Amino acid sequence: MNKKWTLLVSAVAFSAMLMTACGGEKEQAANSNSTTEAPATATTGNAINIEASNWKFNQDTYEVKAGEEFTINFKSTEGFHGIGIEGLDVDIQKDGSKTLKVDQPGEYKIFCNVICGPDHGKMLATLVVK
Ligand SMILES: [Cu+2]
């Protein structure tokens with residue numbers, strides 16, 4: 001009679017221990033809520049968005065003002081492309097941004113700087129600086 005009682009008590013104690021362990025894990029999972037942040041907007045002010053796909057840019061010409069800082073936001077939306085601009089220090093591949101200022105008004109040739117496929121040579125546009 002006495003032995004049976006001891007066995008029962010230890011069985012109850014053991015199952016109580018198991019339940020505690022379970023509860024602890026649940027609490028941890030609830031605390032790991034990730035904070036949601038708004039996506040970072042890369043630029044304010046003067047910006048041009050150039051997007052490249054197979055095998056063209058999203059516009060034929062892009063206009064900026066002479067003597068004013070502007071940012072080029074470049075994105076390959078299809079395939080792997082890049083941009084260079086003749087006479088300017090711009091060299092972006094795949095995705096990226098570049099802030100610069102052009103003092104000399106004129107037309108600058110934008111070209112793809114990644115050998116991207118059969119119509120790579122047709123990937124041309126113009127940066128018009130006014
Ligand atoms: Cu290309």
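Structure first, text after, so check above.
All values derive from a computational prediction rather than experimental measurement.

Rules used throughout
- Residues numbered from 1 in each chain as written.
- Predicted model: local features only at pLDDT ≥ 70, side-chain atom pairs only at ≥ 80, totals over all residues.
- Heavy atoms only, no water.
- Helix = DSSP H or I, 4+ residues; strand = E, 2+ residues; numbered from the N terminus.
- Contact = heavy atoms within 4.5 Å.
- Areas by Shrake-Rupley, 256 points an atom, 1.4 Å probe, with all protein chains shown as cover.
- Core = buried A, V, L, I, M, F, W, Y, C linked by side-chain atoms within 4.5 Å.
- Buried < 20%, exposed > 50% of the residue type's maximum accessible area, 1.4 Å probe, protein only.
- Pairing = 2+ DSSP bridges.
- Axes fitted to C-alpha atoms, helices over the stretch in contact; angles between N-to-C directions.
- Donors = N, O, S within 2.8 Å, 3.2 Å for Na, K, Ca; no water.
- Tetrahedral: all angles 85-135°; square planar, octahedral: opposite > 155°, others 65-115°.
- Salt bridge = Lys/Arg side-chain N within 4 Å of Asp/Glu carboxyl O.

*Asks:* So what exactly am I meant to see when it comes to the overall build of the protein here?
*Replies:* Counting its regular elements, the protein contains 1 helix and 9 strands. Sequence-distant contacts, at least 24 apart, represent 57% of the contacts inside the protein between residues at least 6 apart. Accessible area for the protein stands at about 9,400 Å²; split by element, carbon and sulfur atoms hold 54% of it.

*Asks:* Could you clarify how one ought to interpret the nonpolar core in this entry?
*Replies:* As a rule of thumb, soluble globular proteins bury nonpolar side chains together. With 25 residues, the main nonpolar core has Ile50, Phe57, Ile72, Ile83, Ile110 and Leu127 as its most contacted residues. Contributions of two or more residues to this core are made by β1 (47–53), β3 (61–64), β4 (70–76), β5 (82–85), β8 (106–111) and β9 (124–129).

*Asks:* Hey, could you run me through the sheet that holds strand β6 (residues 91–93) in this one?
*Replies:* Backbone-to-backbone hydrogen bonds join strands into a sheet, with any given pair of strands oriented parallel or antiparallel. Strand order in the open sheet formed by 5 strands is β3-β9-β8-β5-β6, and the pairing between neighbours is mixed. Each of the sheet's edge strands pairs with one partner strand only, and the pair in question is β3 and β6. Strand-to-strand twist across the sheet, computed as the mean angle between neighbouring axes with direction ignored, equals 20°. Across 6 bridges, β8 lies against β9 in antiparallel orientation. In the strand pairing of β9, Tyr108 is matched with Leu127.

*Asks:* Hey, could you run me through the sheet that holds β1 in this one?
*Replies:* An order of β2-β1-β4-β7 is seen for the 4 strands of this open sheet, with the pairing classed as mixed. Looking at strand neighbours, the two that pair on one side only are β2 (56–57) and β7 (95–100), the edges of this open sheet. In terms of strand pairing, β1 meets β4 through 6 bridges, oriented parallel. Across the sheet, residue Asn49 finds its bridge partner in β4, namely Asn73.

*Asks:* Help me understand unusual backbone geometry in this model?
*Replies:* In this model, Asn54 is joined to Trp55 through a cis peptide bond whose omega is -10°. Tracing the backbone shows Trp55 in the loop between β1 and β2.

*Asks:* Looking at this structure, how should I read the coordination of the copper ion?
*Replies:* Six octahedral donors at a metal ideally form angles of 90 or 180 degrees, and four tetrahedral donors ideally form angles of 109.5 degrees. Within the first shell, the copper ion binds the protein through Cys112 (SG), Val114 (O), Cys116 (SG) and His120 (ND1), at distances of 1.9 to 2.3 Å. Here the copper ion is ringed by 4 donor atoms whose angles at the metal span 83 to 124°, and the overall shape comes out irregular. Within one chain, the residues donating to the copper ion are spaced in sequence as C-x1-V-x1-C-x3-H. Residue His120 is classed as buried on the basis of its relative accessible area, which comes to 18%.

*Asks:* Would you mind showing me how to read the pattern of salt bridges here?
*Replies:* One side chain can pair with another of opposite charge once the charged atoms of both are near each other. Using the criterion set out here, one finds 4 salt bridges in the structure. In this structure, Glu86 engages Lys109 in a salt bridge whose closest nitrogen and oxygen atoms are separated by 3.6 Å. Placement of the pair is Glu86 in the loop between β5 and β6 and Lys109 in strand β8, with a sequence separation of 23 residues. Residue classification places Glu86 among the partly exposed positions, given a relative accessible area of 43%. Note that Lys98 and Asp89 form a salt bridge whose closest N and O atoms lie 3.4 Å from each other.

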